[in-house]
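# Report on the structure
Letter by letter, the chains look like this.
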Amino acid sequence: MKESAIGASLIGFISLGIWLVIRPAIHALSAPACYMLDVIMVVSSAPTILGFCSEILLFIGLSSPSNMQRLCYTTGMVATQLAVVMDRLNLLIPGNAFAYSSNSRKVLLGSFYSVLEQKGKAKKHFVSLAKDLKSAKDPAVYRDLSNCLMFLSELAQGEGNYKEAKSFAEQSLETIRKAAVDKASEGAMLTDLCATYMKQGLLEEAISIGKSAVECYDMNDAAQDQLKAIAYNNLSLAYCEAGEYIEALNCSRRSMKLKQAASTNKPNLSIAVAHINIADHLLFLERYDSALDEANKALTILDTQGFGDSLIRATLLQNLGHAQLGLGNLEEAKSNLTKAASSKAKFMAAKDPEWAQLNLDLARLYVALNDKSNADSHFAKAVDYGDRLLGKNHPKLAYIYREYAKYLEQTHRESQAEVLRVKAKEIEDARAKLKRDK
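With that out of the way, let us pick up the overall build of the chain. Of the regular secondary structure elements, the chain holds 19 helices and 0 strands. Along the first, second and third principal axes, the C-alpha set of the chain runs to 100 × 45 × 40 Å. Residues classed as buried in the chain amount to 49% of the 438 residues present. Sequence separation of 24 or more characterises 61% of the internal contacts of the chain that already satisfy a separation of 6 or more. As presented, the chain carries roughly 21000 Å² of accessible surface, and 58% of it is formed by carbon and sulfur atoms. Counting 52 positive and 49 negative side-chain charges, the chain places the centres of these two groups 3 Å from one another.

Have a look at this one:
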């Protein structure tokens, strides 16, 4: 299928080239006939050419500064919209080779809606497209259907609907396996599934699937570097959620190297995210100087590339604040952590488990500032979010219990501290048993 798709994408360019060569002769014979054929050639070949150009714009946009990125995405979206309209005309002719990749262009249009933060429009588009592709009952549409379901999974995850995201990701994986296409495509689906399992607290499953995702890629194929980098990134996050911070750090560093290779060491948003994740893992290892260095590198990239207030910047500010708190720089820590909280209130889904970690960081800040009232409040929120959004047996909840217990002991509430330490140990023992049994 992949070779057929490449061959079909060349049809538009080859046909247009042939037409440009023979057009003068046709025009000499009959100008009206020539103009009519002009229209036919444009309508036939333009969707393929526009789709090809849009994919290039999407690729360029991924590694561009903020203003250039938006220009690339907006131009690509308009070009793809025009291609989809022209595809409707080509589809009126049964078996028309020019319409071969029409469904792929519809998927591409939805991806532009998504990267331009038009999430509602993207979801509506993909739901409708998935319904049409399923009703076709044609194995030839499996790849496009799988991509469509993958995007729906990512959108649902962004909304905090993790069960829905898991369902879409599993459907996507099942569909791509039916298509029997290349392993890299399967790896992309597994990478998404790793993230959705992680958000649901299914950590052993997330780690196992993350490892499978990495194994899908040819480690000697530089063309797959960006996809491999994302797979290693998600695996690192799963390890971190499981409390396996050294493994998380190793995977994040591997992801960073692949991202740098894919972007020829040019700074971009993807590289900034890699620095943020490395900083996060270093913080759990209490390596505050190194974490601060990584966070500052990410900050420099976001600033120079023009990426302003966003969930990514909020996470970066949280990491900066945590590192500064660990180093005793309380005023800077307070400024960054409160900014992070304000920004995450705007961008982060209400059901995102990361609310537990944010409140834990704020609680530790107020402990350092000797503000007992706010410290108690944020520790209670961290436990509540952890219990509801992470799950009662989640390793990060055990981490929160232990941090809270330290504070309770410092404030002479030893009996309450002991209760939390017991709960933390129960979670850790249960996880250790689960790993032994596997």
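A water-sized probe, rolled over the atoms, reveals where empty space remains. In this structure, the second largest pocket occupies an estimated 240 Å³ of space. Every residue lining the second largest pocket is counted, 16 residues in all, and those nearest its centre are G201, N393, P395, R431 and L434. Counting residues per element, the ones that place at least two in the lining of the second largest pocket are α9 (203-215) and α19 (414-437). Counting residues per element, the lining of the second largest pocket draws most heavily on α19, at 4 residues. For the lining of the second largest pocket, the residue count by class is 7 nonpolar, 4 polar and 5 charged.

The end-to-end C-alpha distance of helix α5 (residues 119-136), which contains 18 residues, comes to 26 Å, matching closely the 26 Å that a straight helix rising 1.5 Å per residue would cover. By the burial criterion, the buried members of α5 are A122, H125, F126, L129, A130 and L133. Each buried residue of α5 lies within a common arc of 130 degrees when the element is viewed along its axis, so the set occupies one face. Of the exposed residues in α5, the ones pointing more than 90 degrees away from its buried face are G120, K124, K131 and S135. Summarising the contacts, the buried residues of α5 are in contact with α4 (102-115) and α6 (142-158).

Positive charge collects at one region of the surface, where R253, R254, K257 and R287 lie side by side. Looking at the element boundaries, R253 is found in helix α11 (residues 245-262).

To continue, consider the packing of aromatic side chains. Evaluated as defined, the whole model comprises 7 aromatic pairs. Relative to Y407, the ring of F379 has its centre 5.0 Å away and its plane inclined at 20 degrees; by these criteria the two rings are stacked. Residue F379 is located in helix α17 (residues 372-390), and its partner Y407 is located in helix α18 (residues 395-410); the two are separated by 28 residues in the primary sequence. Comparing F379 with Y407, the two get one shared label, buried. With 6.5 Å between their ring centres and 15 degrees between their planes, Y404 and Y407 make a pair best called stacked. Taken as a pair, Y404 and Y407 lie in helix α18 at a separation of 3 residues, close to a single helical turn. Ring pairing ties together the aromatic residues Y245, F284 and Y399, which thus form one cluster.

This brings us to the side chain of D144. Relative to the assigned elements, D144 resides in helix α6. One buried charged residue, D144, remains without a salt bridge, the closest side chain of opposite sign being R143 at 6.4 Å. With near-sequence residues (within four places) excluded, D144 lies in contact with N103, S104, V107 and L133.

Looking now at helix α12 (residues 269-284). A rise of 1.5 Å per residue sets the reference length of α12, with its 16 residues, at 22 Å; its end C-alpha atoms lie 23 Å apart and thus fit the reference within 8%. Of all the 16 residues making up α12, 14 are buried; the element is thus mostly covered by neighbouring parts of the structure. In this structure N268 caps α12, since a side-chain oxygen of it lies 3.0 Å from the backbone nitrogen of S270. Phi turns positive one or two residues past the end of α12, at E286, with a value near 60 degrees.

Let's shift gears to the pattern of salt bridges. Within this structure, the stated rule accounts for 28 salt bridges. One salt bridge connects D429 with K425, and the closest N-O pair in it is separated by 2.8 Å. With a gap of 4 residues between them, D429 and K425 both fall in helix α19, about one helical turn apart. One continuous salt-bridge network, built from bridges that share partners, spans D361, R364, E403 and K406.

Before going further, it helps to spend a moment on the nonpolar core. Core analysis: the biggest nonpolar cluster contains 63 residues, and I400, Y401 and Y404 have the highest contact counts within it. Those residues in contact with I400 that sit more than four places away from it in its chain are A356, L360, A382, V383 and L390. Counting residues in hydrophobic clusters, the runner-up holds 24 residues, among them I271, I278, Y288 and A340.

Moving on, we come to the environment of K346. If you trace the backbone, K346 turns up in helix α15 (residues 330-347). With a relative accessible area of 55%, K346 lands in the exposed category. With 58 residues separating them along the chain, K346 and Y404 place their C-alpha atoms 27 Å apart.

Right, let's get into the packing of helix α14 (residues 311-326) against helix α16 (residues 354-368). The N-to-C vectors of α14 and α16 enclose an angle of 35 degrees; their axes lie 11 Å apart at closest approach. The two elements α14 and α16 meet at a crossing, and its hand is left-handed. Contacts from Q318, H322 and L325 of α14 reach α16 at Q357, L358, D361, R364, L365 and A368. Of the residues belonging to the contact of α14 with α16, the class tally is 4 nonpolar, 3 polar and 2 charged.

Within the secondary structure, H378 sits in helix α17. Here N359 takes part through its side chain, which lies 2.9 Å from a polar atom of the side chain of H378.

What counts and what doesn't
Residues numbered from 1 in each chain as written. Predicted model: local features only at pLDDT ≥ 70, side-chain atom pairs only at ≥ 80, totals over all residues. Heavy atoms only, no water. Helix = DSSP H or I, 4+ residues; strand = E, 2+ residues; numbered from the N terminus. Buried < 20%, exposed > 50% of the residue type's maximum accessible area, 1.4 Å probe, protein only. Contact = heavy atoms within 4.5 Å. Areas by Shrake-Rupley, 256 points an atom, 1.4 Å probe, with all protein chains shown as cover. Lys, Arg positive; Asp, Glu negative; His and termini not counted. Charge placed at Lys NZ, Arg CZ, Asp CG, Glu CD. 1 Å grid on protein atoms, 1.4 Å probe; cavity = no way out; pocket = protein on both sides within 12 Å on 5 of 7 lines; lining within 4 Å. Points joined across faces, edges and corners; volume = space filled by probe spheres on them. Nonpolar A, V, L, I, M, F, W, Y, C, P; charged D, E, K, R; others polar. Expected span 1.5 Å × (residues − 1). Arc of directions from axis to C-beta. Patch = residues over 30% accessible without salt bridge, like charges linked within 9 Å, V, L, I, M, F, W, Y side chains within 5 Å. Salt bridge = Lys/Arg side-chain N within 4 Å of Asp/Glu carboxyl O. Phe/Tyr/Trp six-rings, centres within 6.5 Å; stacked < 30°, edge-to-face > 60°. Polar contact = N/O pair within 3.5 Å; in protein donor to acceptor, adjacent residues only side chain to side chain. Core = buried A, V, L, I, M, F, W, Y, C linked by side-chain atoms within 4.5 Å. Axes fitted to C-alpha atoms, helices over the stretch in contact; angles between N-to-C directions. Left-handed = near helix turned anticlockwise from the far one by under 90°.

In short, shape yes, function no, at least from these values alone.
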